[in-house]
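Secondary and tertiary structure notes
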Amino acid sequence: MKKGLWLLAALLLAVPAPAGAVDEPAVTDPAVQAKDSEGVDLPARGRKKADDKAASGPGGPVARKDEPAFDDVIKDHAAIKGLMTLHEKDGRYLLEILPEQLDRDFMLSLTRETGVGQFGLLAAQVLGEVPVRFHKVGKKVQLLLRNTRFAAETDPDIRRAVAKSFSDSLAGSSKIESAPHPESKAILVDLAPLLVSDVEGVGAFFGQVFQTPYNLDRENSHVSAVKGFPRNMEIEARLHFAAGRPANLVNLPDPRSLFITYRFSLSDVPAAPGFLPRIADDRVGHFLALYQDFSDDRRETPYVRYVTRWNLEKEEPYAALSKPKEPITYWIENSVPKKYRKALADGTLMWNRAFEKIGFKDAVVVKQQPDDADWDPADVRYATIRWFIATDTGFAIGPSRINPMTGQIYDADIGWSESIIAGRLREYEELTDPVTALQDLFRSMEMKPESGRDPRFACDFARGAVEQIGFGLELLEARGVLPGSPQADEYINGFITYVQAHEVGHTLGLRHNFRSSVERSYADLHDAGLTGQKGLVGSVMDYVPVNIAANGKAQGQYWPTTLGSYDHWAIEYAYKPIPGVKKPEDELPELKAIASRVAELGLSYGTDEDTEDPRTNTWDLGSEPVSFYADRASLVKELWKGMPDKLARPGEGYQLLRRAFMRGFTQYALAVFNVTKSIGGLHTHRDHVADPQGRLPMVPVAADRQRAALDFVRANVFAPEAFDFQPDTLNRLALTRWWDFNGNIFQIPRMEFPLHDVVLALQQLTLQALYNPVKLDRLVDLEMHVARGQKAFTLAEMFSGVHESVWAEVYGTGVPRINSFRRALQRDHLKRLADMMVRPAPQAPEDAATMARANLSDLSKRIAASLGGTALDAATRAHLEETRARIEAALTAQVIRQTS
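This report concerns the structure included in the present document. Source: prediction; values computed, not measured.

Time to look at the environment of Ala79. Tracing the backbone shows Ala79 in strand S5 (residues 78–80). For Ala79, a relative accessible area of 47% gives the class partly exposed. Expressed as a C-alpha distance, the spacing of Ala79 and Glu96, which sit 17 residues apart in the sequence, is 9.9 Å. Beyond its immediate sequence surroundings of up to four residues, Ala79 is in contact with Leu86 and His87.

Okay, here's the thing in structure tokens:
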């Protein structure tokens, strides 16, 4: 659920500035009082009665004659004490606001507590945090979402300009229910109007995606629970949405009606006395708290960026190794299955090794929530590891909540869905459209975080992880490892430990590092002694595929079991104590020295915005990707060959074979996506000027690596023998015949596996990647980046390599038969060349169109020669004659120049 969530965007992106930021609340009500230069109230526009304005006294607001007394309003109400006081009666909650609590910043954190288990509306999703203020306007109190992204810390003149330039947002407003309390001067407002709204934009989401608006039903929405604590208030709002024309929400008894419960955590803005914001560095990957400071227009950028981190201080400041005053404590929720708790604890405590290197002993602690605990795991005072159920997706997420003024992390909740593990057993049992599934997977790898979306909430780890655990387990089963055996359990627990370490890393403030896999050579991947000590990859913040050895070879670690060098480095930057400093800038000499090690072996870093670099990949291993994926292709073929005998178990359905068969194509798609990035690829580095061992910021991929990548594609995707299956295998790829909530059994257009469609989809995705207009343009440019005397990999070389591979029967030995797979591939290739020539994309270079024309002209001549033979079968002859006719039509067509 990513689009149409306007208030959620505010929650994710609203970032207060530090002291010195604009402090005036936005004026959003036309009846708000204006003040003169001495602060005296001026008459407000639109006022008809002078007594409408609340009178003021020495202690704050005083009662008007028409206002009920405070004590009369709360009579017979139950008081809920905490950060603020609420009074409840018959499900209605009145919020007591003291004068000093008006126009004061609080943090409001949002969690989706319950969902519908579909379309991303899942339970226990942390949705962000935002600073808020209660602001009194006439007879109402507004809840303002504070816009403090902009500041002028040192210049009061510019501060006034900033104050006028940027607006707060209104979350809700509620009328004042009583006269001020005679002593405390507190006022009362109904809590529901402040929070009961479509805070996440659910209605707009369904309207955009399904053309079915679900409207908030305020009459049946309400504040459902409130808990008070000294530092926070936990408020639940149960929202009802209704639609006249429902979407396909099969998890609901009536899809016209759904409830979602949100938790609002209202807390003081965390401010630890010993906490000092730490300035970020782009050479190391941390999540950020950022704002714009307009005080100095001579700076390169107005942005101020702090890393996000917990407040970690030594008990003994001068000891080489000391326990922290307050450790980072994670509670395993009592809903987590007991059999997985140790693996989760192991993945969490793995991070203590990095903290020990910078002087902290037992910085991270794991505790188990008792079954009779009287606290709620969603309470912001507890960092938790939680377990949930979802029917259409698997997920493991590790978001945190921060003080966006300083970057201090004050809460984290790691969420697991059982589907990330159990999903391997049913991921494709009901799959009726494998082509779309393959295309969706490819698109998901192309996507970067949404524009403007905080990377803290952009982890898409689970989808690929489900594929990895499933592929590895099915291959092990094909080799004779029985489900439920100690070896299978060890495999699954190792996966859980690795994923937990990844998500804990996020909650410590670390971003993804998709480049870390290059730190191990392909030959070292199964050296368990080496990888157990130094890590299978440079960082657990990578998306690491299952490390399966070729059959008969020594098997190393399936999953990372220890931190990599990069993880230690990133923790050092964010958490190393730097004594004797008073302001963030004082730390810069030490921090720059740490970050300047960026070129050291083991510290490779590339994150979400770096994925165009061929080394910054998800789901790859080792420094030689072509070797890794060539081995992967062999493993897929091993699975396909062995699954009829090993995976088909007596008494079970054949859908297990269908799922495993499709899993192999998924591995092929990953290989194609990552390997083709090397063709026309550019390596990027984050080194700063004069860093030790400093590298250039951009270096073209070596020509021999580009050729190796093209050879891989030719052999494994385009070669005539690339896809060859036994009929007996294909006749076993059945779907389950059970009916389910979706009614899939009645929607299946065909029972057999759509083999030609899936193979062609994979080949189309490959051609799409190779002929991407940006890649073609870069291939032309990169010839200028190659040092004199070195031979570049050229656009012409790529075109001819692909062309001759796709049309191998015509350019090779003249095979008299072109099979059905090949005919489909060749038709698609022909169309792409013709479009490149006749309808060139705006981004594509002119050279691409000329190369396409040259390929088609030469192909026409070759086909004419082939048709002169007598050994061609009828289908091949018809295919070649049709191809030649289409080529002639393309060559004589008028070129259409696109303008957009």
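Right, let's talk about the pattern of salt bridges for a bit. Oppositely charged side chains are able to pair whenever their charged atoms sit close together. This model, assessed by the stated rule, comprises 47 salt bridges. Residue Asp105 pairs with Arg146 through a salt bridge whose shortest N-O separation is 3.2 Å. You can see Asp105 sitting in the loop between strand S7 (92–97) and strand S8 (106–112) and its partner Arg146 sitting in the loop between strand S10 (140–145) and strand S11 (150–151), a full 41 residues away along the chain. The exposure classification of Asp105 matches that of Arg146, with both residues buried. The partner of Arg659 in a salt bridge is Glu474, with the nearest N and O atoms 2.4 Å apart. Taken together, the residues Arg659 in helix H16 (residues 655–676) and Glu474 in helix H10 (residues 461–478) connect sequence positions 185 residues apart.

Let us look at the sheet that holds strand S19 (residues 303–307). Here three strands make up an open sheet; going across it, the order is S11-S18-S19 and the pairing mixed. Edge positions in the sheet fall to S11 and S19, since each of these pairs with one other strand and no more. Relative to S19, strand S18 (residues 288–293) runs antiparallel, the two sharing five bridges. Across the sheet, Gln292 pairs through a bridge with Tyr303, a residue of S19.

Glancing now at the nonpolar core. One finds Trp351, Phe355, Trp416, Phe665 and Phe799 to be the most contacted residues of the largest nonpolar core, which totals 165 residues. Of the residues forming this core, the biggest block, 12 residues, is contributed by H16. Those residues in contact with Trp351, other than ones at most four positions away along the chain, are Val364, Ala501, Val504, Gly505, Leu508, Leu510, Val540, Met541, Leu563, Asp567 and Ile571. Ranked by size, the runner-up nonpolar core spans 49 residues in total, among them Ile97, Phe106, Val199 and Leu266.

With that out of the way, let us pick up the environment of Ser521. Topologically, Ser521 is positioned in the loop between helix H11 (486–507) and helix H12 (528–534). Classification of Ser521 by relative accessible area gives partly exposed; the value is 24%. As a C-alpha pair, Ser521 and Pro625 span 104 residues in sequence and 9.7 Å in three-dimensional space.

Here the focus is helix H15 (residues 625–646). The end-to-end C-alpha distance of H15 is 29 Å, a good match for the 32 Å that 22 residues give at a rise of 1.5 Å each. In the structure, H15 departs most strongly from a straight axis at Trp640, where the bend amounts to approximately 30 degrees and where the proline Pro644 lies between one and four residues downstream.

Relative to the helices and strands, His756 resides in helix H19 (residues 755–770). When its relative accessible area of 37% is taken as the criterion, His756 is described as partly exposed. As for His756 and Val435, which are separated by 321 residues in sequence, their C-alpha atoms are 9.9 Å apart. Not counting residues within four places of it along the chain, the set of residues in contact with His756 comprises Ser820 and Phe821. A polar side-chain atom of His756 sits 2.5 Å from a polar atom in the side chain of Ser820.

Rules of the game
- Residues numbered from 1 in each chain as written.
- Predicted model: local features only at pLDDT ≥ 70, side-chain atom pairs only at ≥ 80, totals over all residues.
- Heavy atoms only, no water.
- Helix = DSSP H or I, 4+ residues; strand = E, 2+ residues; numbered from the N terminus.
- Buried < 20%, exposed > 50% of the residue type's maximum accessible area, 1.4 Å probe, protein only.
- Contact = heavy atoms within 4.5 Å.
- Salt bridge = Lys/Arg side-chain N within 4 Å of Asp/Glu carboxyl O.
- Pairing = 2+ DSSP bridges.
- Core = buried A, V, L, I, M, F, W, Y, C linked by side-chain atoms within 4.5 Å.
- Expected span 1.5 Å × (residues − 1).
- Bend = angle between axes of the 7 residues up to and from the residue.
- Polar contact = N/O pair within 3.5 Å; in protein donor to acceptor, adjacent residues only side chain to side chain.

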